[in-house]
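# Commentary on secondary and tertiary structure
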Amino acid sequence: MVNSGFSITASLMLEFLYCPRFTYFEYVLGIPQNEGKRFKVEKGRNVHEKVRTVNPDYLRKKIGVKSKEADVYLSSKSGIRGIVDEILFLEDGTAAPLDYKYAKYEEKIFNTYKFQLVFYAKLIEENYNINVKKGFLIYSRSQNKLVEVEIGKKDYSELNNLLQDINSVISDCKYPEATKVVRRCPDCCYRNICEKQI
């Protein structure tokens, strides 16, 4: 699926979903984005450490968790890799990824959140040889609200198409269209070199 010697991370995929030109500027032209300096990114990274102290195990019991593994690095032959916040092994014999979000729950699941769960689900299936039919999100800014997200064949198919699009940009040096969501542009670290007009 991807170039030999190169693998797609969950972060790379999320950046591509946000705007495909992130991938082009960083991985084709080699211009780093220095995203670590941004407040939301730092806060999101720090929340994972804080949430470990809260560790709402009662939520897991409610959804039939037999056991779990935390902060698991996985890679696969299909050319993807990432660190799953938690892998939940359920009473029905399936597994599910759980991901923490430094966000408030707003009665909808963002596309990026859904694809991240599907990405982790693919990694879990390929490494553990176990079915993954759903994932879970914990919204730390909504009192650790737990939200279940169904994952089906269509989601896996869409993920594969997305990964092929990412690989096409990198391996073919293909300059992609910019995001159609113009409100993302003013805060973009590449705004000075991207010809996208606001």
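Small disclaimer: the values here were computed from a predicted structure and weren't measured. (Residues numbered from 1 in each chain as written. Predicted model: local features only at pLDDT ≥ 70, side-chain atom pairs only at ≥ 80, totals over all residues. Heavy atoms only, no water.)

Quick look at the packing of helix α2 (residues 20–28) against helix α6 (residues 153–171) now. Two elements in contact, α2 and α6, have axes separated by 9 Å at closest approach and are oriented at 40°. The orientation of α2 relative to α6 falls into the category oblique. By crossing handedness, the relation of α2 to α6 is classed as right-handed. Listed contacts from α6 to Thr-23, Tyr-24, Tyr-27 and Val-28 of α2 are Ile-166, Val-169 and Ile-170. (Axes fitted to C-alpha atoms, helices over the stretch in contact; angles between N-to-C directions. Helix = DSSP H or I, 4+ residues; strand = E, 2+ residues; numbered from the N terminus. Parallel < 35°, antiparallel > 145°, perpendicular 65-115°, else oblique. Left-handed = near helix turned anticlockwise from the far one by under 90°. Contact = heavy atoms within 4.5 Å.)

Here the focus is helix α1 (residues 10–18). The set of residues buried in α1 consists of Ala-10, Leu-12, Met-13, Glu-15 and Phe-16. On its buried face, α1 sits against β1 (8–9), α2, β3 (80–90), α5 (111–128) and α6. (Buried < 20%, exposed > 50% of the residue type's maximum accessible area, 1.4 Å probe, protein only.)

As a further point, take the pairing of strand β6 (residues 145–150). Each regular strand shows side chains that alternate between the opposite faces of the sheet. The pairing of strand β5 (residues 134–139) with β6 spans 6 bridges and is antiparallel. Within the sheet, the bridge partner assigned to Tyr-139 lies in β6 and is Lys-145. Connecting β5 to the antiparallel partner β6 that follows it, the hairpin turn spans 5 residues, and Gln-143 within it adopts a positive phi of roughly 55°. (Pairing = 2+ DSSP bridges.)

Tracing the backbone through its elements, the reader meets Thr-94 in the loop between β3 and β4 (95–101). Given a relative accessible area of 7%, Thr-94 falls into the buried group. Within the local environment of Thr-94, its side chain forms a polar contact with the side chain of Asp-92, the two groups lying 2.6 Å apart. For Thr-94, the residues in contact, after removing those within four places along its chain, are Leu-88, Phe-89, Ile-130, Asn-131 and Lys-133. (Polar contact = N/O pair within 3.5 Å; in protein donor to acceptor, adjacent residues only side chain to side chain.)

With that settled, consider the pattern of salt bridges. Note that side chains of opposite charge can pair when their charged atoms are close. Under the definition given, this model contains 5 salt bridges. Among the salt bridges present, the one from Lys-101 reaches Asp-99, with a minimum N-O distance of 2.8 Å. You can call Lys-101 buried: its relative accessible area is 10%. Asp-99 sits in the buried class, given a relative accessible area of 3%. In this structure, Lys-122 engages Glu-126 in a salt bridge whose closest nitrogen and oxygen atoms are separated by 3.1 Å. (Salt bridge = Lys/Arg side-chain N within 4 Å of Asp/Glu carboxyl O.)

If you trace the backbone, Thr-9 turns up in strand β1. We classify Thr-9 as buried; its relative accessible area is 17%. Residues contacting Thr-9, with those up to four places away along its chain left out, are Arg-81 and Phe-119.

This part is about the nonpolar core. In this structure, Ile-87, Phe-119 and Ile-166 are the most contacted members of the largest nonpolar core, which totals 44 residues. Residue assignment for this core shows that the elements contributing at least two residues are α1, α2, β2 (65–75), β3, α5, β5, β6 and α6. Non-local contacts of Phe-119, meaning those with residues more than four positions away in its chain, are made with Ile-8, Thr-9, Ala-10, Met-13, Ile-80, Arg-81, Leu-159 and Leu-163. Counting 8 residues, the second-largest nonpolar core is a separate cluster that includes Leu-88, Ala-96, Tyr-100 and Ile-138. (Core = buried A, V, L, I, M, F, W, Y, C linked by side-chain atoms within 4.5 Å.)

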